[in-house]
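Here is how the chains run, residue by residue.
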Amino acid sequence: MAEQSAALLKAEGVYKYFGAITALRDVNFHVASGEVLGVVGDNGAGKSTLMKILSGLYAPSEGTLIFDGRPVHFGSPRDARNMGIEMVYQDFALAGNLPIYENIYLGREPGRRLGGLTIIDRRLARKMAAEHLDRLKIHVKSVDQPVEELSGGQRQAVAIARATAFDAKVVIMDEPTAALAIKEVGKVLDLIKSLKHHGVAVIIISHRMDDIFYACDRVMALYQGTNFAESPLAATTRNEVIGWIMGTKGHTDSLAHDKVH
Amino acid sequence: MIANQNLSRFLETYGIIAVIIVMMLVLTWTQPQVFPKIENLTNIVKQNASLALLALGMFVVIVTAGIDLSVGSVMALAMVALAIANRDGVPWPLVILIGPLIGVICGAVNGLGLTVLQLPHPFIMTLGTLYVVRGITYLITNGAPVSGLAPEVRYLGQANYDFGLFTPPAGLPASLFLVIVCALGLWFFMTRTSLGRHIYAIGGNPQAARVSGINVDRVLVYVYVICGFFAGLAGLLLAGRTNSGFPNAGIGIELDAIAAVIIGGASFFGGRGTVLGVLSGVVIIGLLRNGLNINNVSAFWQMILIGLVIILAVYLDVLRRKAAVRR
Ligand SMILES: Nc1ncnc2c1ncn2[C@@H]1O[C@H](COP(=O)(O)OP(=O)(O)OP(=O)(O)O)[C@@H](O)[C@H]1O
Ligand SMILES: [Mg+2]
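Residues numbered from 1 in each chain as written. Chains lettered and ligands numbered in written order. Predicted model: local features only at pLDDT ≥ 70, side-chain atom pairs only at ≥ 80, totals over all residues. Heavy atoms only, no water.

Caption draft 1: How the structure looks around unusual backbone geometry. Residue and element names in this part refer to chain B. In the Ramachandran plot, Ala65 falls in the positive-phi region, its phi being about 70° despite a non-glycine side chain. With respect to the helices and strands, Ala65 occurs in the loop between α2 (38-63) and α3 (71-87). Relative accessible area serves as the criterion here: at 33%, Ala65 is assigned to the partly exposed category. (Helix = DSSP H or I, 4+ residues; strand = E, 2+ residues; numbered from the N terminus. Buried < 20%, exposed > 50% of the residue type's maximum accessible area, 1.4 Å probe, protein only.)

Here is the structure:
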């Protein structure tokens, strides 16, 4: 397949054990620049675990990650971020006590370097944050507002802003629309499309078929920690994808795609 | 609703200053001949300078939702070690460095114990070092004070500047300036540098810090090192003021330091608090002790009152937070 040869980020034969639990078993995965991939699966199927491996939070128990054609090892999310892989976590992972702008630049504060320390240029950080939020058409009262004062949707927006504040090559979103009102869902989906147009590889986990069928180019299903099925969006249907989530396969021809390699 | 929030923020920042002013007015009113005298004020500063340094260090730890119970022991070890070094003829510039250096080493041990041994809570690691360090302090002194220090070593803890304005022994103590410099430095570090903000982020949500690429364990080691450094510096001040290394020094003072931080408005659960608040907490404890002393109230009452003030301070904070949430 064309997109496979152009894969920007790949995972091969990934296993992940948590003590006695096997969360992922021999999972293969790939995504290309400018592609929007939907990842579906039942609760506990291993979607978040796979994404946390791709974003450097977990190390795979077995298997390899390949970024831009080269095998990579992420010791921490910092390594993944340095390569341009960003993730919006299911629980947002924001520091509620810090203002919006600090959350956006946490770990990468602009300013003057002094040894291992950065003297933060707060005015610049505020300005950059406000401009970035404007670009994303996200409206907040002030970038100085502590995140704990925000609504669920606003927090979601801040988490997305953090993931896109630096030129990311891969943006992973774990259930980006779960906390949102309908109007905000549309904004996030449009944002995903605009990332795609900028050549970003976007991975979204979602339980909502509407999201998947509006924004994605391809969909893959995990079932009990394994690859279950995969298809270009155009070659499948909602009912079929829902079936995959439940662990049933229809008898359609498009299922030939479920072998990744 | 907005006004309510602004008021709440204003009170969070400056309410405590109002408390201090009221306390000073009351003390001036009850003891006009004693309290406002420069000798008395100088005394308050000198007596609480070590506590102020300990509280500054404790504050950094508490911002991460941690605790350091060992600071009293570390202060004592720093104090006796530098006194012994001084007695044994080590040149004074080195003697001065010994206090903070011992603090840094003890802090590193605390931080590494927490992160490398992965002990479940800093309470446990620092409870351990509270005993171990105090034991070492007794061991190297045989439990007896080491007295007599070189004037240069005593300088920070003892010097007084009268600026030609005051009649000695009144004046502005060097320890006051040391505390001010430390507080300003810490304020800048905590509010303006990346590491300082990472410390707040860890207190707010360690997971958020981690996924943002912050090496949480490394930052925690720095945090305990900073706290240890201040404890060592406090030992230097106390040695200077008392002209000795006193193995019993600072028993229980970690609780005073924690009290000052909490009265100053820092959250015990991390992520919240200011340097100004911590200093205010120290001043409140200092004024309370001094005020009760000069009004001839027994030391027993001091303990009861400080306990009540802690409870009241945190309760006011609970009320303020409720008011802020109810928009
Ligand atoms: N840190 C962990 N420790 C132990 N087990 C874990 C951990 N993280 C995930 N698991 C287990 O791994 C399996 C997969 O979890 P994961 O969070 O990846 O599921 P998911 O597909 O994201 O589900 P959901 O749709 O509910 O978010 C589950 O059985 C879960 O209990
Ligand atoms: Mg999940």
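Having seen the structure, we can now continue with the description.
Caption draft 2: Highlighting the pairing of strand β1 (residues 7-18) of chain A. All names here are of chain A. Relative to strand β2 (residues 21-32), β1 is paired through eight bridges, and the arrangement is antiparallel. Note on β2: the bridge partner recorded for Phe18 is Ile21. If you look at the hairpin formed by β1 and β2, you'll find two residues sitting between the two strands, and Gly19 has a positive phi there, around 60°. As judged from the five bridges shared by β1 and strand β4 (residues 62-67), these two strands associate in the antiparallel manner. Considered in β4, the bridge of Tyr15 is made with Glu62. (Pairing = 2+ DSSP bridges.)

Caption draft 3: Here's a closer look at the packing of α3(B) against helix α10 (residues 216-242) of chain B. All names here are of chain B. Across the interface, α3 lies against α10 with an axial gap of 7 Å and an inter-helix angle of 50°. Of the possible angle classes, the one that applies to α3 and α10 is oblique. As α3 runs across α10, the sense of the crossing is right-handed. Contacts between α3 and α10 pair Val71, Val74, Met75, Ala78, Met79 and Leu82 from the former with Cys227, Gly228, Ala231, Gly232, Ala234, Gly235, Leu236, Leu238, Ala239 and Thr242 from the latter. Classifying every residue of the contact of α3 with α10 gives 12 nonpolar, four polar and no charged. (Axes fitted to C-alpha atoms, helices over the stretch in contact; angles between N-to-C directions. Parallel < 35°, antiparallel > 145°, perpendicular 65-115°, else oblique. Left-handed = near helix turned anticlockwise from the far one by under 90°. Contact = heavy atoms within 4.5 Å. Nonpolar A, V, L, I, M, F, W, Y, C, P; charged D, E, K, R; others polar.)

Caption draft 4: Region of the structure containing the sheet that holds β4(A). Residue and element names in this part refer to chain A. As summarised here, the arrangement of the four strands in space is β2-β1-β4-β5, forming an open sheet in which the pairing is antiparallel. Here the strands that pair on one side only, and so sit at the sheet edges, are β2 and β5 (70-72). Between one strand and the next, the sheet's axes are offset by a mean angle of 25°, whatever the strand orientation. Packing of helix α2 (residues 47-54) onto the sheet brings it into contact with β1, β2 and β4, and relative to β2 it is tilted by some 60°.

Caption draft 5: Examining the coordination of the magnesium ion (ligand 2) more closely. All names here are of chain A. For the magnesium ion (ligand 2), every protein donor is listed as Ser48 (OG) and Gln90 (OE1), and the spread of their distances is 1.9 to 2.4 Å. With a gap of 42 residues between them, Ser48 in helix α2 and Gln90 in the loop between β6 (85-88) and α4 (100-105) connect regions that are remote in the sequence. You can call Gln90 partly exposed: its relative accessible area is 41%. (Donors = N, O, S within 2.8 Å, 3.2 Å for Na, K, Ca; no water.)

Caption draft 6: Structural detail: a nonpolar patch on the surface. Together, Phe163(B), Leu165(B), Phe177(B), Ile180(B), Leu184(B), Trp187(B) and Phe188(B) line one region of the surface with nonpolar side chains, adding up to about 710 Å² of accessible area. Inspection of the secondary structure puts Phe188(B) in helix α7 (residues 174-192). (Patch = residues over 30% accessible without salt bridge, like charges linked within 9 Å, V, L, I, M, F, W, Y side chains within 5 Å. Areas by Shrake-Rupley, 256 points an atom, 1.4 Å probe, with all protein chains shown as cover. Salt bridge = Lys/Arg side-chain N within 4 Å of Asp/Glu carboxyl O.)

Caption draft 7: Up close: helix α6 (residues 151-158) of chain B. Residue and element names in this part refer to chain B. Of all the residues in α6, the buried ones are Val153, Arg154 and Gly157. The buried residues of α6 occupy an angular sector of 85° when projected down its axis, which confines them to one face. Buried residues in α6 make contact with α3, α4 (92-115) and α10. (Arc of directions from axis to C-beta.)

Caption draft 8: Structural context of the layout of surface pockets. All names here are of chain B. Within this model, the second largest pocket holds a volume of roughly 470 Å³. Elements that contribute at least two residues to the lining of the second largest pocket include exactly α2, β3 (172-173), α7 and α12 (275-294). It is α2 that provides the largest number of residues to the lining of the second largest pocket, a total of eight residues. Residues of the lining of the second largest pocket, tallied by class, amount to 16 nonpolar, four polar and no charged. (1 Å grid on protein atoms, 1.4 Å probe; cavity = no way out; pocket = protein on both sides within 12 Å on 5 of 7 lines; lining within 4 Å. Points joined across faces, edges and corners; volume = space filled by probe spheres on them.)

Caption draft 9: Local environment of the interface of chain A and chain B. Counting residues at the interface gives 24 residues for chain A and 27 residues for chain B. When chain A packs against chain B, close to 2,100 Å² is buried across both sides, 53% of that on carbon and sulfur atoms. Taken together, the links from chain A to chain B amount to two salt bridges. One salt bridge in this structure joins Arg197(B) and Glu102(A), with 2.7 Å as the shortest N-O distance. Elements that contribute at least two residues to the side of chain A that touches chain B include exactly α3 (77-82) and β8 (117-120) of chain A. Looking at which element gives the most residues to the side of chain A that touches chain B, the answer is β8(A), with four residues. Residue classes in the side of chain A that touches chain B are distributed as 12 nonpolar, three polar and nine charged. (Buried area = accessible area lost by both parts, 1.4 Å probe.)

Caption draft 10: Structural context of the sheet that holds strand β3 (residues 36-40) of chain A. Residues and elements named next belong to chain A. If you walk across this open sheet you meet the six strands as β6-β9-β10-β3-β11-β12, and the pairing is mixed. Strands at the two margins of the open sheet, each flanked by one partner only, are β6 and β12 (226-232). Neighbouring strand axes in the sheet, compared pairwise and without regard to direction, differ in orientation by 15° on average. Pairing of β6 with strand β9 (residues 170-174) involves four bridges; the strand directions are parallel.

Caption draft 11: Region of interest: the site of ligand 1. All names here are of chain A. The full set close to ligand 1 counts 14 residues, and Asn43, Gly44, Lys47, Ser48 and Thr49 are the nearest of them. Contacts to ligand 1 include Tyr58, whose side-chain N or O atom sits 3.4 Å from a nitrogen atom. Isolated, ligand 1 exposes 630 Å² of accessible area, and the fraction of that covered by the protein chains is 65%. The dominant element in the shell around ligand 1, judged by the number of residues it contributes, is α2, at three residues. Considering only residue class, the shell around ligand 1 consists of four nonpolar, seven polar and three charged. (Near = heavy atom within 4 Å. Polar contact = N/O pair within 3.5 Å; in protein donor to acceptor, adjacent residues only side chain to side chain.)

Caption draft 12: Spotlight on the nonpolar core. Formed by 96 residues in total, the largest nonpolar core has its most connected members in Leu53(B), Phe59(B), Leu186(B) and Met190(B). In terms of residues, this core owes the most to one element, α10(B), which gives 15 residues. Those residues in contact with Met190(B), other than ones at most four positions away along the chain, are Phe59(B), Val60(B), Val63(B), Gly196(B), Arg197(B), Ile199(B) and Tyr200(B). If you look at the next biggest cluster of nonpolar residues, it comprises 49 residues, including Ile104(A), Ala129(A), Ala215(A) and Val219(A). (Core = buried A, V, L, I, M, F, W, Y, C linked by side-chain atoms within 4.5 Å.)

Caption draft 13: The arrangement of the environment of Leu279(B) in detail. All names here are of chain B. Take Leu279: it is sitting in helix α12. For Leu279, a relative accessible area of 22% puts it in the partly exposed group. Discounting chain neighbours no more than four positions away, the residues touching Leu279 are Ala52, Leu56, Val179 and Ala183.

Caption draft 14: Local environment of the pairing of β4(A). Residue and element names in this part refer to chain A. Alignment of β4 against β5, held across three bridges, turns out to be antiparallel. By the bridge assignment for β5, Leu65 is matched with Val72. Remark: two residues form the turn of the hairpin made by β4 and β5, two consecutive strands paired antiparallel; Asp68 in that turn has positive phi of roughly 55°.

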